[in-house]
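# A look at the structure
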Protein chains: 2
Amino acid sequence: MTQSTQISRDTALSTVSRYLEAIAEATSPSQIAALYTDDATVEDPVGSEPVRGKDAIAAFFAPLTQSQRDTELLNFRHCGDSAAFHFRVRTHTPDGVVEIEPLDVMTFTTDGLISSAKAYWSPEDVRMD
Amino acid sequence: MTQSTQISRDTALSTVSRYLEAIAEATSPSQIAALYTDDATVEDPVGSEPVRGKDAIAAFFAPLTQSQRDTELLNFRHCGDSAAFHFRVRTHTPDGVVEIEPLDVMTFTTDGLISSAKAYWSPEDVRMD
């Protein structure tokens, strides 16, 4: 018995892949924000005040454009209008590589825009290489 | 800026570990249900109608007591009052071992009871060994 919108696994995976690419390339914050609906929420990490709306989301991701990073999708699960996934972000800084592997949960519209995102990680999960 | 209850990583991890043990041992459905608050919700998989309340949760898990299984925690992230984790469930059936590796998200009360659980997996993630 379903209670919510269904989207295909391919649609969800495509958006998640573009999200990881956008984080890695980080050519502009608006490129990342374009993946979200106008009134989307981002709670990153979970427990922090959610960021609401495309402009706020662009501002939230703006610091990403200041350093080089790579991303890798480690695991992906899809069901209903949602996906949960595990990924690695390696940020290259003058002091070394900062590595973090969050577990994220997202909901999507039928056209594959992100309507909500929650990122589960804490400072104790951050590693320096 | 926090918006919700904070629980310790140890409290969240302890409950998640007891959840995986209870699934593996499955001595009784009420043993599993005892990990939840009276009005907890379980949405498993996400997109299905949530099961509400301890009795309904016990009934939901009742089929588990009918076969042998083992569980393994693969990854765990904690933040705020929540945890996200990746785990493996191997169910031993007359036809072979059925393996599934869901990504779950849970919220907890300060005393470590589960107040909500969402399980992200789909039939295409199920493997037969």
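In the nomenclature of an unreviewed UniProt entry, chain A is known as Steroid delta-isomerase of Williamsia limnetica.

### Some thoughts on the overall build of chain A
If you tally the helices and strands in chain A, you get three helices and eight strands. For chain A, the α and β elements follow one another from N to C terminus as α-α-β-β-α-β-β-β-β-β-β. Here the C-alpha radius of gyration of chain A, 14 Å, is about what a compact globule of 129 residues would show, namely 14 Å. Principal-axis analysis of the C-alpha atoms places the extent of chain A at approximately 50 × 30 × 25 Å. Classification of the 129 residues of chain A by burial places 50% in the buried group. Of the contacts formed within chain A by residues at least 6 apart in sequence, a portion of 52% connects residues at least 24 apart. Put simply, chain A shows about 5900 Å² of open surface, and 49% of that area lies on carbon and sulfur atoms.

### Here we look at the UniProt feature "domain: SnoaL-like" (unreviewed entry) in chain A
When the UniProt feature table is mapped to this numbering, "domain: SnoaL-like" (unreviewed entry) covers residues 16-115 of chain A. As annotated, residues 16-115 of chain A comprises 23% helix and 47% strand, and the C-alpha atoms at either end are separated by 12 Å.

### Observations concerning the pattern of salt bridges
Residue and element names in this part refer to chain B. Applying the stated criterion to the full structure yields 23 salt bridges over all chains. Of the charged contacts, one joins Glu-43 and Lys-118 as a salt bridge, the two residues approaching to 4.0 Å between their closest N and O atoms. Here Lys-118 lies in strand E7 (residues 114-120) and Glu-43 lies in strand E1 (residues 36-43), a separation of 75 residues in the sequence. When its relative accessible area of 9% is taken as the criterion, Glu-43 is described as buried. Residue classification places Lys-118 among the partly exposed residues on the basis of a relative accessible area of 36%. Between Arg-127 and Glu-99 there is a salt bridge, with the nearest N and O atoms lying 2.2 Å from each other. With Arg-127 in strand E8 (residues 127-128) and Glu-99 in strand E5 (residues 96-100), this residue pair connects regions lying 28 residues apart in the sequence. Relative accessible area serves as the criterion here: at 42%, Arg-127 is assigned to the partly exposed category. For Glu-99, a relative accessible area of 7% translates into the label buried.

### Brief notes about the relation of the copies chain B and chain A
Note on the identical chains: chain B maps onto chain A by a rotation of 180° and an axial translation of 0.0 Å, with an RMSD of 0.0 Å. Viewed as a symmetry operation, the transformation between the two copies matches a two-fold axis. Most of the interface of chain B is mirrored in chain A: 100% of its interface residues are interface residues there too.

### Points about the packing of aromatic side chains
On inspection of all chains with the given rule, the structure shows twelve aromatic pairs over all chains. On the numbers, 6.2 Å between centres and 70° between planes, the contact of Tyr19(A) with Phe61(A) is edge-to-face. Residue Tyr19(A) is located in helix H1 (residues 9-25), and its partner Phe61(A) is located in helix H3 (residues 54-61); the two are separated by 42 residues in the primary sequence. Here Tyr19(A) falls in the buried class, since its relative accessible area comes to 3%. For the ring pair Tyr36(B) and Phe61(B), a centre distance of 6.3 Å and an interplane angle of 35° mean the geometry is tilted. A residue pair is termed long-range when its members are at least 10 positions apart, and Tyr36(B) in strand E1 and Phe61(B) in helix H3 (residues 54-61) qualify at 25 residues. A relative accessible area of 0% places Tyr36(B) in the buried class.

### A word on the interface of chain B and chain A
Contacts between the two partners involve 31 residues from chain B, matched on the other side by 32 residues from chain A. Where chain B abuts chain A, roughly 2500 Å² becomes buried across the two surfaces, and 56% of that area is made up of carbon and sulfur atoms. Where chain B meets chain A, there are six salt bridges. Counting every contact that joins chain B to chain A gives two residue pairs in polar contact (both at pLDDT 80 or more). Breaking the side of chain B that touches chain A down by element, the ones donating at least two residues are strand E3 (68-79), strand E4 (82-93), strand E6 (103-108) and E7 of chain B.

### Points about the environment of His86(B)
Among the secondary structure elements, His86(B) is positioned in strand E4. We classify His86(B) as buried; its relative accessible area is 3%. For the pair His86(B) and Ser8(B), spaced 78 residues apart in the sequence, the C-alpha separation amounts to 19 Å. If we ignore the near neighbours within four places in the chain, the residues touching His86(B) are Asn75(A), Arg77(A), Glu72(B), Leu73(B), Leu74(B), Asn75(B), Glu101(B), Pro102(B) and Leu103(B).

Reading the values: rules and limits
- Residues numbered from 1 in each chain as written.
- Chains lettered and ligands numbered in written order.
- Predicted model: local features only at pLDDT ≥ 70, side-chain atom pairs only at ≥ 80, totals over all residues.
- Heavy atoms only, no water.
- Helix = DSSP H or I, 4+ residues; strand = E, 2+ residues; numbered from the N terminus.
- Rg over C-alpha atoms; globule rule 2.2 N^0.38 Å.
- Buried < 20%, exposed > 50% of the residue type's maximum accessible area, 1.4 Å probe, protein only.
- Contact = heavy atoms within 4.5 Å.
- Areas by Shrake-Rupley, 256 points an atom, 1.4 Å probe, with all protein chains shown as cover.
- UniProt positions renumbered as here; feature names shortened; annotations may be inferred.
- Salt bridge = Lys/Arg side-chain N within 4 Å of Asp/Glu carboxyl O.
- Least-squares fit on C-alpha atoms with pLDDT ≥ 70 in both.
- Phe/Tyr/Trp six-rings, centres within 6.5 Å; stacked < 30°, edge-to-face > 60°.
- Buried area = accessible area lost by both parts, 1.4 Å probe.
- Polar contact = N/O pair within 3.5 Å; in protein donor to acceptor, adjacent residues only side chain to side chain.

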